[in-house]
Amino acid sequence: MKGWFPAAAGTVLLWTAWALLSDVAAQSFAGHQGVLLEIAGAGVVGLVLYAVIGRPPYKPMGALWAVASGLFSISGILFFSLRPESWRGDHRRSGDGSLPGCNTSARRIRSRRRDCDASANWGRLCNSGRYSDQCLT
Amino acid sequence: MPPVILYALIALLLWGFWGFCSKLAADELKPRYALFYEIAGEMVVGAIAVAVLTVPDVTGRPIPALLAAVAGAALIGGIYLQFYALRLGKSGTVIAVTSLYPVLVTAFYPVAVLIFGAAFFEYTVTILDGIGITLALLSIYLIVGVER
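Residues numbered from 1 in each chain as written. Chains lettered and ligands numbered in written order. Predicted model: local features only at pLDDT ≥ 70, side-chain atom pairs only at ≥ 80, totals over all residues. Heavy atoms only, no water.

Caption draft 1: Spatial organisation of the overall build of chain A. A count of helical and extended segments in chain A gives 5 helices and 0 strands. The buried share of chain A, reckoned over its 137 residues, is 52%. Taking the contacts inside chain A whose residues are at least 6 apart along the sequence as the reference set, 49% of them involve residues at least 24 apart. Put simply, chain A shows about 6,400 Å² of open surface, and 59% of that area lies on carbon and sulfur atoms. (Helix = DSSP H or I, 4+ residues; strand = E, 2+ residues; numbered from the N terminus. Buried < 20%, exposed > 50% of the residue type's maximum accessible area, 1.4 Å probe, protein only. Contact = heavy atoms within 4.5 Å. Areas by Shrake-Rupley, 256 points an atom, 1.4 Å probe, with all protein chains shown as cover.)

The following block contains the structure:
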């Protein structure tokens, strides 16, 4: 067995857990909103890590590559989860003013707009009955 | 081009850069320090995202929010181990193996359904999925066994 394989196998297992947990969380939070919560979880790990390892050594090039690595990795995840309605101020609706996957009008669910906009799984949420009083699907 | 496809292509491009930068960072820093800076980079993206995207309202949904945060921690744990693997192996080979995690995700779906309930998933593992999973696992075996 190659020396790198145990670590790589651990990565595969942890990322499998990540994907499955993300899928569960996505039932309540839109793709990009789930990712924002994941970033919050990563931040907590970062704080714990800083408390354990202390200040990192001064290696500017290494730090630069690692920061770039972090920028690219989470940006990729974020873009992968984005939808047109993810952007602030762009509450996408279909032609009649209803939200995607839901036959009710935007006006009727204004009080629930954040939930509606939050959900990439809007249709599933409608069908789940959680918002059945506002959704006619 | 539909925006969703455009976003997915951008994601693909960004992940390519991620693998490249990860290897360079792993060559320069110990994994724990590389991870610290990686998280710092993620926090920058998080701050920008909070400014321009709609933010989650966790009111009444603490468990899913907690699960998402734990998912983020698992992601970070995987990145930490990947830095270790990148220090020891060829980046192309290591990333080829770690990129196969969706295979395990598919394989574990039945287990996840048992844990979280069938209502959470609208996915069933077919015979073709099973063949694909088997071939992917075989590819890992070949990569690990054949690499020079």
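Okay, back to it.
Caption draft 2: Looking closely at the nonpolar core. Counting residues in hydrophobic clusters, the biggest one holds 54 residues, and the most contacted among them are Trp-4, Trp-15 and Trp-18 of chain A together with Leu-75 and Ile-79 of chain B. Excluding residues that lie within four positions of it along the chain, Trp-15 of chain A makes contacts with Trp-18, Ala-74, Leu-75, Gly-78, Ile-79, Gln-82, Thr-98 and Tyr-101 of chain B. Counting 5 residues, the second-largest nonpolar core is a separate cluster that includes Ala-25 and Leu-37 of chain A together with Ala-65 and Ala-68 of chain B. (Core = buried A, V, L, I, M, F, W, Y, C linked by side-chain atoms within 4.5 Å.)

Caption draft 3: Quick peek at the confidence of the model for chain A. Residue and element names in this part refer to chain A. Residues at a pLDDT of 70 or more form 64% of chain A, whose mean pLDDT is 73. Highest mean pLDDT in chain A belongs to helix H3 (residues 60-81) (92); lowest belongs to helix H4 (residues 113-118) (48). In the predicted structure, residues 91-114 sits below a pLDDT of 50 and forms 46 contacts with residues beyond four places in sequence or in another chain. Contacts for the low-pLDDT stretch residues 129-137, under 50 throughout, to residues beyond four places or in other chains number 23 contacts. (pLDDT = per-residue confidence, 0-100.)

Caption draft 4: Spotlight on the side chain of Gln-82 of chain B. Considering the arrangement of structural elements, one finds Gln-82 of chain B in helix H3 (residues 62-88). A residue is classified by how much of its surface remains accessible, and Gln-82 of chain B, at 5% relative accessible area, is buried. Polar contacts involving the side chain of Gln-82 of chain B include one to the side chain of Thr-98 of chain B, which spans 2.9 Å. Other than its neighbours up to four places away in sequence, Gln-82 of chain B contacts Thr-11 and Trp-15 of chain A together with Trp-18, Ser-22, Ile-95 and Thr-98 of chain B. (Polar contact = N/O pair within 3.5 Å; in protein donor to acceptor, adjacent residues only side chain to side chain.)

Caption draft 5: The arrangement of the packing of H3 of chain A against helix H2 (residues 31-52) of chain B in detail. Close contact between H3 of chain A and H2 of chain B brings their axes to 7 Å; oriented N to C, the two are set at 45°. For the element pair H3 of chain A / H2 of chain B, the angle class is oblique. For H3 of chain A against H2 of chain B, the interelement crossing comes out right-handed. Of H2 of chain B, the residues touching H3 of chain A (which contributes Ala-63, Ala-66, Val-67, Ser-69, Gly-70, Leu-71, Ser-73, Ile-74, Ser-75 and Leu-78 of chain A) are Ala-34, Tyr-37, Glu-38, Gly-41, Glu-42, Val-44, Val-45 and Ala-49 of chain B. For the contact of H3 of chain A with H2 of chain B, the residue count by class is 11 nonpolar, 5 polar and 2 charged. (Axes fitted to C-alpha atoms, helices over the stretch in contact; angles between N-to-C directions. Parallel < 35°, antiparallel > 145°, perpendicular 65-115°, else oblique. Left-handed = near helix turned anticlockwise from the far one by under 90°. Nonpolar A, V, L, I, M, F, W, Y, C, P; charged D, E, K, R; others polar.)

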